[in-house]
Amino acid sequence: MAAEAAGGSAARVRGARAALVGALLLALTAVTGCQADAGTTDTSGTRAAPDPAADTAVRATIEAFNAAAAAGPADQQHRLADLVEPDRAAEVQNCPAATSTVRFEPVYAGLRAAGAPEPAGQTAADAAAQSYLLPALIRIYSGERVTGTDLTTLHLVVRPAPVGGDSEAYLTPFCVN
């Protein structure tokens with residue numbers, strides 16, 4: 001009788017576990033089905049490739065920022081002011097003097113459109129601008145020594161090419177300390 005009761009108890013526990021696992025799987029399926037960003041995927045579920053001109057502009061901006069790190073903190077901070085969105089460049093003027101340099105190691109395959117930048121619409125160029133998100137590893141240097149790393153998503157604004165020119169990508173303001 002005790003063995004039969006133990007067997008029944010074990011069966012109830014297995015049944016309860018199976019029900020719990022099933023409920024969790026159902027909940028996870030519902031949650032993951034709702035997490036796609038609007039505008040970042042097509043109907044097949046694959047990410048749309050960014051505009052080639054935007055991709056080129058983003059790469060040029062990241063390369064320019066990284067190249068400035070070789071000259072030292074002050075030069076990189078000065079170069080950052082040139083690479084920030086023109087209408088927000090004053091925000092980096094309030095940063096304290098940099099004591100380290102930063103290099104981005106972007107995952108260009110993850111570059112994706114994020115919609116119109118804020119604020120948009122002041123000029124025709126602003127209205128045509130597009131925001132992009134780019135996952136990247138950040139390496140922080142003090143001289144030649146890596147003193148820290150972090151993961152981030154860079155926010156860039158790409159303004160379309162003027163007639164006969166190239167599109168330009170700008171970073172959103174941040175401080176290098």
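Residues numbered from 1 in each chain as written. Predicted model: local features only at pLDDT ≥ 70, side-chain atom pairs only at ≥ 80, totals over all residues. Heavy atoms only, no water.

Chemist: Sorry, what's going on with helix α2 (residues 52-69) here?
Modeler: For the α-helix, the turn length of 3.6 residues means that residues three or four positions removed from each other point alike. The terminal C-alpha atoms of α2 lie 26 Å apart, and with 18 residues this matches the ideal 26 Å at 1.5 Å per residue to within 8%. For α2, the set of buried residues is Ala54, Asp55, Ala57, Val58, Thr61, Ile62, Ala64, Phe65, Asn66, Ala68 and Ala69. (Helix = DSSP H or I, 4+ residues; strand = E, 2+ residues; numbered from the N terminus. Expected span 1.5 Å × (residues − 1). Buried < 20%, exposed > 50% of the residue type's maximum accessible area, 1.4 Å probe, protein only.)

Chemist: Got a minute to help me understand the packing of aromatic side chains in this structure?
Modeler: Aromatic rings in a pair are described by how distant their centres are and how their planes are angled relative to each other. Under the definition given, this model contains three aromatic pairs. Between the aromatic rings of Phe65 and Phe104, the centroid separation amounts to 4.8 Å while the plane-to-plane angle is 20°, which identifies the pairing as stacked. Placement of the pair is Phe65 in helix α2 and Phe104 in strand β1 (residues 101-106), with a sequence separation of 39 residues. In this structure, Phe65 and Phe104 share a single accessibility class: buried. Taking the centre distance of 6.0 Å and the plane angle of 65° together, the rings of Phe104 and Phe174 count as edge-to-face. Here Phe104 is found in strand β1, whereas its partner Phe174 is found in the segment after β5 (168-171), with 70 residues between them in sequence. Given a relative accessible area of 5%, Phe104 falls into the buried group. Classification of Phe174 by relative accessible area gives partly exposed; the value is 24%. Over the aromatic face of Tyr108 sits the side chain of Arg59, whose NZ or CZ is 4.0 Å from the ring centroid. The ring of Tyr141 carries Arg103 above its face, with NZ or CZ at 5.3 Å from the centroid. (Phe/Tyr/Trp six-rings, centres within 6.5 Å; stacked < 30°, edge-to-face > 60°. Lys NZ or Arg CZ within 6 Å of the ring centre and 35° of its normal.)

Chemist: Whenever I open this one, the packing of α2 against helix α3 (residues 73-83) confuses me. Can you help?
Modeler: When two helices pack together, their arrangement is given by the angle between the helix axes and the distance between those axes. One can describe the packing of α2 onto α3 by two numbers: an axis separation of 8 Å at closest approach and a directional angle of 160°. One element, α2, and the other, α3, form an angle in the roughly antiparallel class. Both α2 and α3 take part in a crossing whose hand is right-handed. Taking contact as the criterion, the partners of Thr61, Ala64, Phe65, Ala68 and Ala69 in α2 are, on α3, Asp75, Gln76, Arg79, Leu80 and Leu83. (Axes fitted to C-alpha atoms, helices over the stretch in contact; angles between N-to-C directions. Parallel < 35°, antiparallel > 145°, perpendicular 65-115°, else oblique. Left-handed = near helix turned anticlockwise from the far one by under 90°. Contact = heavy atoms within 4.5 Å.)

Chemist: Would you mind going over the pattern of salt bridges with me for this structure?
Modeler: Working definition: two side chains of opposite charge can pair if their charged atoms are close together. In total, this model carries seven salt bridges according to the counting rule given. The salt bridge involving Arg159 is made with Glu85; its shortest N-O contact spans 4.0 Å. Of this pair, Arg159 sits in strand β4 (residues 145-159) while Glu85 sits in the loop between α3 and α4 (90-93), and the two are 74 residues apart along the sequence. Summarising the burial analysis for this pair, Arg159 and Glu85 share the class buried. Residues joined by salt bridges that share partners form a network here, namely Glu85, Asp87, Arg88, Glu91 and Arg159. (Salt bridge = Lys/Arg side-chain N within 4 Å of Asp/Glu carboxyl O.)

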